[in-house]
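Coordinates in review
Spelled out, the chains give:
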Amino acid sequence: MKTDLQARKFNHVFKWFDQNGDGWVTQDDVETMAGLFSAVAEENDQKNRSAMKRGFPHWWTLLLDAREDKASERIGKQEFIRIMDAVVIAPKNFEIAVVGIVDGLLGALDRDGNGSLSREEYVRMYEALGIPPTTSGEAFRRLDRNGDGELSHSEFHQAIVEYYLSSDPNAPGNWLLGSLDALD
Ligand SMILES: [Ca+2]
Ligand SMILES: [Ca+2]
Ligand SMILES: [Ca+2]
């Protein structure tokens, strides 16, 4: 693990993935996550639904393949953080597991189809994915780097990459899922 900051961020992702809160990530949790994400898309939006649906099983397979105890079909917090760091954020895996989901998510949230997210479209993400929306306005302000009131595709991507890969405590992308201070 490179830094404490990354461990905190992965810890946050673990808590989010552990949808039933039993301290383990299992296939059921991952399926619940996939359901939450694909529900963001409108029913006739097959393209973005399937992009998100494909990403989660891939992510789950990465976790299972890298786990130490092959007899167990569940992943605990320390192991989750270890595998995120060692496997999931490797460029090839990150592209397929994470970026695919993110592209589908952006497409699904972009209801007016202008290729970027308004503040309103972005805030819907928090509601739909069960992230407490208390700091979403502040998050939007930080992620909108050029301050034009829209999150472009590249601003959104940059946020994802920084969230998962940056060890800089001041990286705007740390705000992707809201204030990190609110997590501790
Ligand atoms: Ca669980
Ligand atoms: Ca839009
Ligand atoms: Ca912008």
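Parameters and conventions
Residues numbered from 1 in each chain as written. Chains lettered and ligands numbered in written order. Predicted model: local features only at pLDDT ≥ 70, side-chain atom pairs only at ≥ 80, totals over all residues. Heavy atoms only, no water. Helix = DSSP H or I, 4+ residues; strand = E, 2+ residues; numbered from the N terminus. Rg over C-alpha atoms; globule rule 2.2 N^0.38 Å. Buried < 20%, exposed > 50% of the residue type's maximum accessible area, 1.4 Å probe, protein only. Donors = N, O, S within 2.8 Å, 3.2 Å for Na, K, Ca; no water. Tetrahedral: all angles 85-135°; square planar, octahedral: opposite > 155°, others 65-115°. Salt bridge = Lys/Arg side-chain N within 4 Å of Asp/Glu carboxyl O. Expected span 1.5 Å × (residues − 1). Arc of directions from axis to C-beta. Lys, Arg positive; Asp, Glu negative; His and termini not counted. Contact = heavy atoms within 4.5 Å. UniProt positions renumbered as here; feature names shortened; annotations may be inferred. Core = buried A, V, L, I, M, F, W, Y, C linked by side-chain atoms within 4.5 Å. Phe/Tyr/Trp six-rings, centres within 6.5 Å; stacked < 30°, edge-to-face > 60°. Lys NZ or Arg CZ within 6 Å of the ring centre and 35° of its normal.

So, about the overall build of the protein chain. Across its full length, the protein chain carries eight helices and two strands. Listing each helix as α and each strand as β along the protein chain from the N terminus yields α-α-α-α-α-β-α-α-β-α. For 184 residues, the compact-globule estimate of 2.2 N^0.38 gives 16 Å, and the protein chain sits close to it at 16 Å. Principal axes of the C-alpha set define a box for the protein chain whose edges measure 50 × 40 × 30 Å. Within the protein chain, buried positions represent 50% of all 184 residues.

Okay, the coordination of the calcium ion (ligand 2) next. Around the calcium ion (ligand 2), the protein contributes the donor atoms Asp110 (OD), Asp112 (OD), Asn114 (OD1), Ser116 (O), Glu121 (OE) and Glu121 (OE), which lie 2.3 to 2.8 Å from the metal centre. One can describe the donor arrangement at the calcium ion (ligand 2) as irregular, given that its six donor atoms subtend angles of 49 to 156 degrees at the metal. Each donor residue of the calcium ion (ligand 2) belongs to the same chain, and together they define the spacing D-x1-D-x1-N-x1-S-x4-E. Using a relative accessible area of 6% as the deciding quantity, one classes Glu121 as buried.

Let's shift gears to the pattern of salt bridges. Across all of its chains, the model carries seven salt bridges by this definition. Note that Glu42 and Arg111 form a salt bridge whose closest N and O atoms lie 3.9 Å from each other. Of the two residues, Glu42 is situated in the loop between helix 2 (27–40) and helix 3 (46–66) and Arg111 in the loop between helix 5 (91–109) and strand 1 (117–118); the sequence distance between them amounts to 69 residues. Arg111 gets classed as partly exposed once you look at its relative accessible area, which sits at 35%. For Glu68, the salt bridge is made with Arg82, and the minimal N-O distance between the two is 3.8 Å.

Moving on, we get to helix 2. With 14 residues, helix 2 should cover 20 Å at 1.5 Å per step; its first-to-last C-alpha distance of 20 Å lies within 8% of that length. Listed as buried for helix 2 are Asp29, Val30, Met33, Ala34, Phe37, Ser38 and Val40. Buried residues in helix 2, looked at end-on, bunch into an arc of 165 degrees, giving them a common side. What points out from helix 2, more than 90 degrees from its buried face, is the exposed set Asp28 and Ala39.

Next up on the list: the side chain of Asp144. Residue placement: Asp144 occurs in the loop between helix 7 (136–143) and strand 2 (150–151). Comment: no salt bridge for buried Asp144; closest opposite-charge side chain is Arg145, at 8.3 Å. Non-local contacts of Asp144, meaning those with residues more than four positions away in its chain, are made with Gly149, Glu150, Leu151 and Glu155.

The next thing to look at is the UniProt feature "domain: EF-hand" (unreviewed entry) in the protein chain. Mapped onto this structure's residue numbering, the UniProt feature "domain: EF-hand" (unreviewed entry) falls at residues 108–132 and 138–166. Between the C-alpha atoms that bound residues 108–132 there is a distance of 20 Å. The span itself is 52% helix and 8% strand. Span residues 138–166 is 66% helix and 7% strand, its end C-alpha atoms 19 Å apart.

Right, let's get into the nonpolar core. Trp59, Tyr122, Phe156 and Tyr164 are the most contacted members of the largest nonpolar core, which has 57 residues in total. When residues of this core are traced back to their parent elements, those giving at least two are helix 1 (4–17), helix 2, helix 3, helix 4 (77–88), helix 5, helix 6 (119–129), helix 7 and helix 8 (153–165). Non-local contacts of Tyr164, meaning those with residues more than four positions away in its chain, are made with Gln6, Phe10, Val13, Trp59, Met84, Ile89, Phe94 and Val98.

Counting across every chain of the model gives 13 aromatic pairs. When the ring of Trp59 is compared with that of Tyr164, the centres are 6.4 Å apart and the planes differ by 70 degrees; the resulting orientation is edge-to-face. Placement of the pair is Trp59 in helix 3 and Tyr164 in helix 8, with a sequence separation of 105 residues. Its relative accessible area of 4% is what places Trp59 among the buried residues. A ring pair is formed by Tyr163 and Tyr164, whose centres lie 5.4 Å apart and whose planes are at 80 degrees; its orientation type is edge-to-face. By the burial criterion, Tyr163 is buried, and Tyr164 matches it. Each residue in the set Phe10, Phe14, Trp16, Phe17, Phe37, Phe56, Trp59, Phe80, Phe94, Tyr163 and Tyr164 is aromatic and connected to the rest through ring pairs, giving one cluster. In this structure, Lys9 packs its charged tip against the face of Tyr163, placed 5.6 Å from the ring centre. Looking at Arg74, its charged tip hangs above the ring of Trp24, at a distance of 3.7 Å from the centre.

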